[in-house]
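Descriptive structure summary
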Amino acid sequence: AVVSTQSGHYGRGSKAMAFAKKNSLFSKLQKKPKLIFPYDSDKSKMCVLIPEVIVDSVLLNAFLSETNSTIEKVPINLNYENWSASQIIRSILPDEIDDTDVVSGFEIVGHIAHLNLKKFHLPYSSIIGQVILDKNPCIESVVNKLDKIHSKYRFFEMEVIAGKHEYITTTIENKISFHMDFSKVYWNSRLGTEHLRIVNLIETQSTILDMFCGIGPFALPLAKKGCKVHANDLNPDSFHYLEVNVKANKIPPTKITCYNLDGRDFVRSFRDSFDYVLMNLPASASEFLDVFIGLKEHNPALSKSPTVFCYHFTGVDNPEVSSIEAVEKVLEHPIPDATVHLVRKTAPKTWMTCVHFEVPQAVLDGGHKNKRQRTE
């Protein structure tokens, strides 16, 4: 709660807080009630009311009557610990920076807080990082993502702006532990729900090719579920931590095999049938769809058309249509039964989508042989 002077008004009473959460009258007095506990060595609960808005005696008396509360004026001294991180950062940033651009949310990966600071935040990055450290005891390092992307392995470069220069960490997602060097692999905690969605869609005992598996957010829970997973990533650091995570989570080697290959080479070198292909590289996954054109020449054992989950970045205008068009353009074949799941907005004008479709048999059979194949 924001108290703008050193004097606060406090509503006392056992019903006050329950009332505060659902009563619109109270919301006019204060938007965010704050518990003060204990007070005067008893177990009374109190909520701070902003002094400037308690000027309507009718409104205030109605609140006191409905909650069986009393009002006391109590002098208090507000220190650094009384303010939230966003309130402190707001006071640091220039007034011309809009309130919506105040740093308030960030990703937490193990002991690391991951920020995406905008250009106008950068002169204040060190103090922003220190405030986040101070206000979050579980965080030991604060990092900011830089604009540069590693061109080959597609992870963001970053810098430590506060705390320890330690990127090796462990996080838990869907009851599985993931060890990583956060500076050398791709990880996004905001995708945990999407990972679980796919795991729940795929049947136990399925055989899966995970073309761009990273450190295993799809591969490990699918293997734990009972699927047979072939997990591949070109990044040697991702491959290393994938193997570390397989052992750490005690996944039997009969359930998962790890590869460190280019995505196309990985699929073309596979010599057995498979049910699903995961393509979690939204910046460029659709470009790799040409691997399915004439794939039966490379893999005669492929007995059925596999189902593909292909991730893609697209604009906000008709994202479903544009995502399917991107897939059909590479396959050079329609996919009439495709569905599109809107995963999340990654920017005001960008959607991350997942195109779910079965590879047409004509594509696998090489109906496009006379057309030039893309090369890496």
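Structure's up top.
Residues numbered from 1 in each chain as written. Predicted model: local features only at pLDDT ≥ 70, side-chain atom pairs only at ≥ 80, totals over all residues. Heavy atoms only, no water.

1. Remarks on the packing of helix H4 (residues 85-92) against helix H5 (residues 125-135)
For the pair H4 and H5, interaxial distance at closest approach is 10 Å and the crossing angle is 160 degrees. Viewed along their axes, H4 and H5 adopt a mutual orientation that is roughly antiparallel. Judged by the twist between their axes, the crossing of H4 over H5 is right-handed. Of the residues in H5, those touching H4 at Ala-85, Ile-88, Ile-89 and Ile-92 are Ile-127, Ile-128, Val-131 and Lys-135. Along the lines of polarity and charge, the residues of the contact of H4 with H5 split into 7 nonpolar, no polar and 1 charged. (Axes fitted to C-alpha atoms, helices over the stretch in contact; angles between N-to-C directions. Helix = DSSP H or I, 4+ residues; strand = E, 2+ residues; numbered from the N terminus. Parallel < 35°, antiparallel > 145°, perpendicular 65-115°, else oblique. Left-handed = near helix turned anticlockwise from the far one by under 90°. Contact = heavy atoms within 4.5 Å. Nonpolar A, V, L, I, M, F, W, Y, C, P; charged D, E, K, R; others polar.)

2. Focus: the packing of aromatic side chains
Following the criterion strictly, the structure yields 6 aromatic pairs and no others. For the pair Phe-270 and Phe-274, a centre-to-centre distance of 5.9 Å together with 75 degrees between the ring planes defines the contact as edge-to-face. With respect to class, Phe-270 is no different from Phe-274; both count as buried. A ring pair is formed by Tyr-276 and Phe-309, whose centres lie 6.0 Å apart and whose planes are at 15 degrees; its orientation type is stacked. On the criterion of sequence distance, the pair formed by Tyr-276 in strand S14 (residues 276-279) and Phe-309 in strand S15 (residues 307-315) is long-range, its members being 33 residues apart. One cation-aromatic arrangement involves Lys-135 over Tyr-80; the distance from NZ or CZ to the ring centre is 4.7 Å. If you follow Arg-264 out to its NZ or CZ, it ends over the ring of Phe-288, 4.3 Å from the centre. (Phe/Tyr/Trp six-rings, centres within 6.5 Å; stacked < 30°, edge-to-face > 60°. Buried < 20%, exposed > 50% of the residue type's maximum accessible area, 1.4 Å probe, protein only. Lys NZ or Arg CZ within 6 Å of the ring centre and 35° of its normal.)

3. Structural notes on the sheet that holds strand S17 (residues 350-358)
The 7 strands lie next to each other as S13-S12-S11-S14-S15-S17-S16, forming an open sheet whose pairing is mixed. For this open sheet the edge positions go to strand S13 (256-259) and strand S16 (339-347), each flanked by a neighbour on one side alone. Direction aside, neighbouring strands of the sheet carry axes that sit 20 degrees apart on average. Pairing of S14 with S15, which is carried by 4 bridges, proceeds in the parallel orientation. Looking at S15, one finds that Leu-278 is bridged to Phe-309. In the packing of helix H6 (residues 192-201) onto the sheet, the strands contacted are S14, S15, S16 and S17, and the crossing angle to S15 comes to about 155 degrees. Its contacts with the sheet place helix H11 (residues 319-331) against S15, S16 and S17, and it is angled at close to 55 degrees to S17. (Pairing = 2+ DSSP bridges.)

4. Remarks on the pairing of S17
Summarising the sheet, S15 and S17 pair through 9 bridges and their orientation is antiparallel. Within S17, the residue paired with Thr-314 across the bridge is Trp-351. Across 7 bridges, the pairing between S16 and S17 is antiparallel. Looking across to S17, one finds that Arg-344 is bridged to Met-352.

5. Overview of the nonpolar core
Nonpolar side chains tend toward joint burial in soluble globular proteins. Ile-202, Leu-220, Leu-222, Val-229 and Ile-256 are the most contacted members of the largest nonpolar core, which totals 39 residues. Here this core takes 4 residues from helix H7 (residues 219-225), the largest share from any one element. Apart from residues lying up to four places away in sequence, Ile-256 is in contact with Ala-219, Leu-220, Ala-223, Lys-228, Val-229, Ala-231, Val-246 and Ile-251. With 31 residues, the next largest nonpolar core counts Met-211, Leu-281, Val-355 and Val-359 among its residues. (Core = buried A, V, L, I, M, F, W, Y, C linked by side-chain atoms within 4.5 Å.)

6. Things to note about H6
Two residues of an α-helix separated by three or four positions point the same way, owing to the 3.6 residues in each turn. Within the span of H6, buried status applies to Gly-192, Glu-194, His-195, Ile-198 and Val-199. Down the axis, H6 shows its buried residues gathered within 165 degrees of arc, on one side only. Within H6, the exposed residues directed more than 90 degrees away from the buried face are Thr-193 and Asn-200. Contacts from the buried residues of H6 go to strand S9 (168-173), H7, S14, S15, S16 and S17. (Arc of directions from axis to C-beta.)

7. Looking at the side chain of Ser-323
Tracing the backbone shows Ser-323 in helix H11. There is a polar contact of 2.7 Å between the side chain of Ser-323 and the backbone oxygen of Pro-319. Here Thr-353 takes part through its side chain, which lies 2.8 Å from a polar atom of the side chain of Ser-323. Residues within four places of Ser-323 in sequence aside, it is in contact with His-312, Thr-314, Val-340, Thr-353 and Val-355. (Polar contact = N/O pair within 3.5 Å; in protein donor to acceptor, adjacent residues only side chain to side chain.)

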